[in-house]
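Okay, here's what each chain looks like letter by letter:
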Amino acid sequence: MNASVSGQHGEGKSFTSMVADKGERGEPASRALVEELALANHILFREGVVDGFGHVSARHDKRPDRFLLARNKAPALVTPDDIIEFDFDGNPVNANGRTVYLERFIHGELYRARPDVMSVVHSHSPAVVPFSVVKKSPLRPICHMSGFLGEEVPNFEIRDHAGDESDLLITNSRLGAALAHTLGGCNCALMRGHGSTVVGPTLKEAVYRAVYTEVNARLQSEAMRLGEPTFLTAGEARVSAANISSQINRAWDFWRMRAEGKL
Ligand code: MN
């Protein structure tokens, strides 16, 4: 790479997304994981979570200090050959000149902060965004399918960390770490005026959570039009989340068929 390459460290900010590879060998992840990650990209598009933007990553299955994320590409178009290995600072290992996502720091910092997290989905899914901008209406679990949201979803205010003239994007490790701090031990964080990020203990579960965060936001908006909703209690959220967690394959198999155009 050359001197025009920047943006991979600290406050360095770049509007180009070509970044020099870290000078270390990559470790091939299992083919099954890479293929599942490509499929996850397609499912998230088909289910209305991502469009031209948004991304999904998986923690590397042989190097837990690294993660896998597609090159800078619309999720629906991602193939296994587009998957790149990154370190937690957002440095690619094997980009080989391919452009990378500006907001890869979301992923690196969440994996660093949360050893239990195996997958991260960041999106701008449309029904969620309104809840990020209305303080008195936090996103809360409205039904048993979205108990993973916990009692109330935290909302990241980037103005507290980047001032009032930022582009609202997580374009460096410091902002990624601030988002991780807001997420804390939760499974989902809203990002004011931007979107949301969800995490999961598996790739399939993170995808499930991303889909149902959007569904919950739609349902909650509908319910609030009718009156004051009754939300799940913390206990109901916990127990229903544990129950649904064992049923994820059922949804995944269906979503896979639909993403592959077979339904
Ligand atoms: Mn974004």
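First, a word on what this report is: a plain description of the structure on this page. Being a predicted model, the structure only gives us computed values, none of them experimental.

Cut-offs used in this document
- Residues numbered from 1 in each chain as written.
- Predicted model: local features only at pLDDT ≥ 70, side-chain atom pairs only at ≥ 80, totals over all residues.
- Heavy atoms only, no water.
- Core = buried A, V, L, I, M, F, W, Y, C linked by side-chain atoms within 4.5 Å.
- Buried < 20%, exposed > 50% of the residue type's maximum accessible area, 1.4 Å probe, protein only.
- Helix = DSSP H or I, 4+ residues; strand = E, 2+ residues; numbered from the N terminus.
- Pairing = 2+ DSSP bridges.
- Contact = heavy atoms within 4.5 Å.
- Axes fitted to C-alpha atoms, helices over the stretch in contact; angles between N-to-C directions.
- Parallel < 35°, antiparallel > 145°, perpendicular 65-115°, else oblique.
- Nonpolar A, V, L, I, M, F, W, Y, C, P; charged D, E, K, R; others polar.
- Salt bridge = Lys/Arg side-chain N within 4 Å of Asp/Glu carboxyl O.

## Considerations on the nonpolar core
Phase 1: In terms of nonpolar packing, the biggest core is built from 68 residues, with L44, I170, V207 and W255 touching the most fellow members.
Phase 2: In terms of residue count, the dominant contributor to this core is helix 6 (residues 203-226) (9 residues).

## Concerning the sheet that holds strand 3 (residues 83-87)
Phase 1: The strand order across the open sheet built from 7 strands is 3-2-1-4-7-6-5, with neighbouring strands paired in mixed fashion. Only two strands of the sheet have a single neighbouring strand rather than two, namely strand 3 and strand 5 (155-156).
Phase 2: In this sheet, strand 7 (residues 195-200) lies alongside strand 4 (residues 119-123) in antiparallel orientation, the contact comprising 5 bridges. Residue S123 lies in a different strand from strand 7, and its bridge partner there is S196.
Phase 3: Sheet strands touched by helix 6: strand 1 (55-59), strand 4, strand 6 (188-191) and strand 7. Its angle to strand 7, the strand with the most contacts, is close to 145°.

## Brief notes about the packing of helix 1 (residues 31-46) against helix 6
Phase 1: Between helix 1 and helix 6, whose axes approach to 11 Å, the crossing angle comes to 10°. One finds that helix 1 runs roughly parallel with respect to helix 6. For the pair formed by helix 1 and helix 6, the contact residues are E36, L37, A40, I43 and L44 on the first element and L203, K204, V207 and A210 on the second.
Phase 2: Here the residues of the contact of helix 1 with helix 6 are counted per class, giving 7 nonpolar, no polar and 2 charged.

## Notes on the pattern of salt bridges
Phase 1: As enumerated under the stated definition, the model contains 18 salt bridges in all.
Phase 2: With its nearest N and O atoms 3.9 Å apart, the salt bridge here joins E24 to K22.
Phase 3: Here E24 falls in the partly exposed class, since its relative accessible area comes to 42%.
Phase 4: Residue K22 is classed as partly exposed on the basis of its relative accessible area of 24%.
Phase 5: In this structure, K22 and D87 form a salt bridge, with 2.7 Å as the shortest nitrogen-oxygen distance. Pair noted here: K22 is in the segment before helix 1 and D87 is in strand 3, with a separation of 65 residues, a long-range link.

## As for the pairing of strand 6
Phase 1: The two faces of strand 6 match: C188 and L190 on one face and A189 and M191 on the other face are all buried.
Phase 2: Here strand 5 runs beside strand 6; their pairing, made up of 2 bridges, is parallel. Within strand 6, the position partnered with F156 by the bridge is M191.
Phase 3: In this sheet, strand 7 lies alongside strand 6 in antiparallel orientation, the contact comprising 4 bridges. When the bridges of strand 7 are listed, A189 appears paired with T197.
Phase 4: If you look at the hairpin formed by strand 6 and strand 7, you'll find 3 residues sitting between the two strands, and G193 has a positive phi there, around 65°.

Nothing here speaks to function; it is all geometry.
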